[in-house]
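# An overview of the molecular structure
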Amino acid sequence: MQKFELNSFTGADELAGAVAGKWLDEVELSLKAGKSHCVALSGGRITLKFFAAVVAQARARAVSFTHVHFFWADERCVPPTDAENNFRAAQELLFAPLNIANANIHRIAGELPAQSAAAQAIAEISQIAPPNAEGQPVLDLIFLGMGEDGHVASLFPGASTDILNASAPFVVIDDSPKPPPTRISLSYQAIAVAGRVWVLASGAGKTGALHESLMPTGKTPLGRVIQSRSRTIIFTDIQPE
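Figured I'd write up the structure that's included with this text. This structure is a prediction, so every number in the text was calculated from the model and none was measured.

## Side note on the side chain of Thr236
As for its position among the elements, Thr236 is in strand S9 (residues 232-236). Those residues in contact with Thr236 that lie beyond four places of it in its chain are Leu6, Asn7, Ser8, Phe9, Leu15, Ala201 and Leu210.

## Describing the packing of aromatic side chains
The description of an aromatic ring pair uses the distance of the two centres, along with the angle that the planes make with each other. Tallied over the full model, the rule gives 12 aromatic pairs. Residues Phe50 and Phe143 carry aromatic rings whose centres are separated by 4.8 Å and whose planes lie at 50° to one another, so their mutual orientation is tilted. A residue pair is termed long-range when its members are at least 10 positions apart, and Phe50 in helix H2 (residues 45-61) and Phe143 in strand S5 (residues 141-145) qualify at 93 residues. The pair Phe50 / Phe143 is uniform in exposure class, with both members buried. Aromatic rings pair up to connect Phe9, Trp23, Phe50, Phe51, Phe65, Phe70, Trp72, Phe87, Phe95, Phe143, Trp198 and Phe235 into one cluster. Between Arg107 and the ring centre of Phe87, over which it is positioned, the NZ or CZ distance is 5.6 Å. Of note, Arg224 hangs over the ring of Tyr188, and the distance from its end group to the ring centre comes to 5.0 Å.

## Observations regarding the sheet that holds strand S3 (residues 68-72)
Spatially, the 6 strands line up as an open sheet ordered S1-S9-S8-S5-S2-S3, and their pairing is parallel. Each edge of the open sheet is held by one strand with a lone partner, namely strand S1 (4-8) and S3. Neighbour to neighbour, the strand axes of the sheet diverge by 20° on average, direction disregarded. Both strand S8 (residues 196-201) and S9 contribute to a ladder of 4 bridges, which runs parallel. Among the inter-strand pairings, Leu200 is bridged to a residue of S9, identified as Phe235.

Definitions and limits used
- Residues numbered from 1 in each chain as written.
- Predicted model: local features only at pLDDT ≥ 70, side-chain atom pairs only at ≥ 80, totals over all residues.
- Heavy atoms only, no water.
- Helix = DSSP H or I, 4+ residues; strand = E, 2+ residues; numbered from the N terminus.
- Contact = heavy atoms within 4.5 Å.
- Phe/Tyr/Trp six-rings, centres within 6.5 Å; stacked < 30°, edge-to-face > 60°.
- Buried < 20%, exposed > 50% of the residue type's maximum accessible area, 1.4 Å probe, protein only.
- Lys NZ or Arg CZ within 6 Å of the ring centre and 35° of its normal.
- Pairing = 2+ DSSP bridges.
- Axes fitted to C-alpha atoms, helices over the stretch in contact; angles between N-to-C directions.

Structure, rendered in structure tokens:
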């Protein structure tokens, strides 16, 4: 059985709008069911369009986020005021416009030493996201982008076996090929056990990486994610070769 669902769009704006609407449906369903909704956000250019679409649609629909807890798929080890910080973009473009309560925002403290930041992130997610039978915190939904090399979160090609096999929900990446070099990322294991994983693959220069990732033997980080799960949903404006 195919392990992924591919949804194609003609451009980034159409993609962002569709994913925003689909996510808000999930948010409303969890509220009606009386359940919390634990989600991990990512950075990247498409995410900025996604945040704008969420704000516009959430206001139009009067969506409540009181039960939503926000985590991050990855964070750069820089202060929250730095332009490279993923939390900063979410704060400015999503949380502030929607008046999200600070208690529901669980940012990774990139200003701390990396090991301390990872330990703090692990403790916080373990307190809020319900565990599976193995004790791994289970997020309801993880948003991932995809880089030109097929990386997701801050999981890059050529990772060490320690990163590939890490059981902790967050890992320290100290050799990112893209600056800044030190980052905190969700682990492959945390992504594998999530309820849903939605990949927003957008932008030029990524056709080869997406094609490789969708192969049954794909060696990219995204390929590894797809193979580790029963279902991964991919939203893309990348046109096939």
